[in-house]
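Given next are the chains, with one letter for each unit.
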Amino acid sequence: MSIKRRMGLDIDGTITCPSTFIPYLNQHFKKSLTLDDLTVYDLTTVLNISEEQFWEWMGHYEGTIYQEAELAPHVENTLHEWNQSHDLIYITARRNHLADITTDWFKTNSIPFDHIELVGKHDKIEAIREHQLDIFFEDKHDNAVAIAEEFNIPVILMDTPYNRLTIPDNVIRAQNWKDAKAWVDQWLQNSEN
């Protein structure tokens, strides 16, 4: 009998395509950015705008962006497979006013979930502690490192140009969801032996 794991997953840039924001940024800020141009997580640096300008833009566009976000390649089948034996708990920095949009997106895209928590900030440590997760999936480098160090659990870091700093041993860089699934399936198999 397999061990039921509590899998924690970030949403944006992890289960959604990391280039989701780019068309909206390009249109509004008159840029021609590609994912390769996003070498830092902080979009204010990339766009050379203030925090205030960024959050004003987010206030106008984030609902639409999240409603229309595309799934990362190969994530859908992986989540459906894992959902048969494990809990899928999503912990996101999205703010609470986006709860309905977020839940509706999961339902519209037929993405399985046991729980979705909008923490409203990038620090997910308390939510991870509360849910006693066994593994986490993230795209933000400092989150991945902090989670791995705090809980000594594997953290799968979905590779993007903005998260390519060095990582500790229990942060595993995955080039895509096929890569992530292969590592996790091996981890699950090893934990049963």
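Reading the values: the criteria
Position labels on residues start from 1 in each chain and follow its written sequence. In view of the model being predicted, local features appear only for residues whose pLDDT reaches at least 70, and side-chain atom pairs are presented and counted only at 80 or more, with totals across whole chains, interfaces and linings using the full set of residues. The basis for every side-chain value is the complete set of non-hydrogen atoms in the structure, without hydrogens or water. Counting from the N terminus, the helices are the DSSP runs of H or I reaching at least four residues and the strands are the DSSP runs of E reaching at least two. Each radius of gyration is computed over the set of C-alpha atoms, and the globule rule expresses the reference value as 2.2 Å times the number of residues to the power 0.38. The classification of residues rests on relative accessible area computed with a 1.4 Å probe and restricted to protein chains. Under 20% of the type maximum is buried, over 50% is exposed, and intermediate values are partly exposed. The contact criterion used is simple: two residues touch if any of their non-hydrogen atoms lie within 4.5 Å. Under the counting rule used here, the positive set is Lys and Arg, the negative set is Asp and Glu, and His together with the chain ends is not counted. Here the site of a charge means NZ on Lys, CZ on Arg, CG on Asp, or CD on Glu. Two strands make a pair as long as DSSP finds a minimum of two bridges between them. Axis geometry follows a simple rule: fit a line to the C-alpha atoms, using only the stretch in contact for helices, then measure angles between N-to-C directions, giving values from 0 to 180 degrees. If the strands point away from the viewer and the path from the first strand over the helix to the second runs clockwise, then the crossover is right-handed.

Focus: the overall build of the chain
Assigned secondary structure in the chain consists of eight helices and six strands. For the chain, the α and β elements follow one another from N to C terminus as β-α-α-α-α-β-α-β-α-β-α-β-β-α. The globule rule puts the C-alpha radius of gyration for 193 residues at 16 Å, and the 16 Å found for the chain is close to it. A principal-axis box enclosing the C-alpha atoms of the chain has dimensions of 55 × 35 × 30 Å. Counting every position in the chain, which comprises 193 residues, the buried fraction comes to 49%. Considering only intrachain contacts with a sequence separation of at least 6, the fraction spanning at least 24 residues in the chain is 63%. Across the chain, the centroid of the 16 positively charged side chains sits 1 Å from that of the 32 negatively charged ones.

Examining the sheet that holds strand β1 (residues 6-9)
One open sheet accounts for six strands, arranged β3-β2-β1-β4-β5-β6; its pairing is parallel. The outermost strands of the open sheet, each flanked by one partner alone, are β3 (115-118) and β6 (171-174). On average, adjacent strands in this sheet sit at an angle of 20 degrees to one another, irrespective of strand direction. Note: strand β5 (residues 155-158) against β6, four bridges, orientation parallel.

Brief notes about the environment of Leu33
Position of Leu33 among the secondary structure elements: in the loop between α1 (22-29) and α2 (43-47). Classification of Leu33 by relative accessible area gives buried; the value is 14%. The contact partners of Leu33, leaving out residues within four places of it in the chain, are Ile22, Asn26, Leu38, Val46 and Leu47.

Description of α1
Each α-helix winds once per 3.6 residues, and so residues spaced three or four apart point in a common direction. Those residues of α1 not exposed but buried are Ile22, Tyr24, Leu25, Asn26 and Phe29. Elements in contact with the buried residues of α1: α2 and α3 (51-68). One or two steps after α1, the chain reaches Lys30, where phi turns positive at roughly 55 degrees.

Points about the pairing of strand β2 (residues 87-92)
Of all the six residues making up β2, six are buried; the element is thus mostly covered by neighbouring parts of the structure. The two faces of β2 match: Asp87, Ile89 and Ile91 on one face and Leu88, Tyr90 and Thr92 on the other face are all buried. With four bridges connecting them, β1 and β2 associate as parallel partners. For Leu9, the partnering residue across the bridge sits in β2 and is Tyr90. Judged from the four bridges that link them, β2 and β3 form a sheet pairing that is parallel. Bridge pairing in β3 places Tyr90 opposite Ile116. Note on the crossover from β2 through helix α5 (residues 99-108) to β3: the handedness is right-handed.

What to know about the pairing of β1
Put simply, side chains in a regular strand alternate between the two faces of the sheet. Looking at chain direction, β1 and strand β4 (residues 135-138) are connected through three bridges and run parallel. Residue pairing across strands places Met7 opposite Ile135, the latter belonging to β4.

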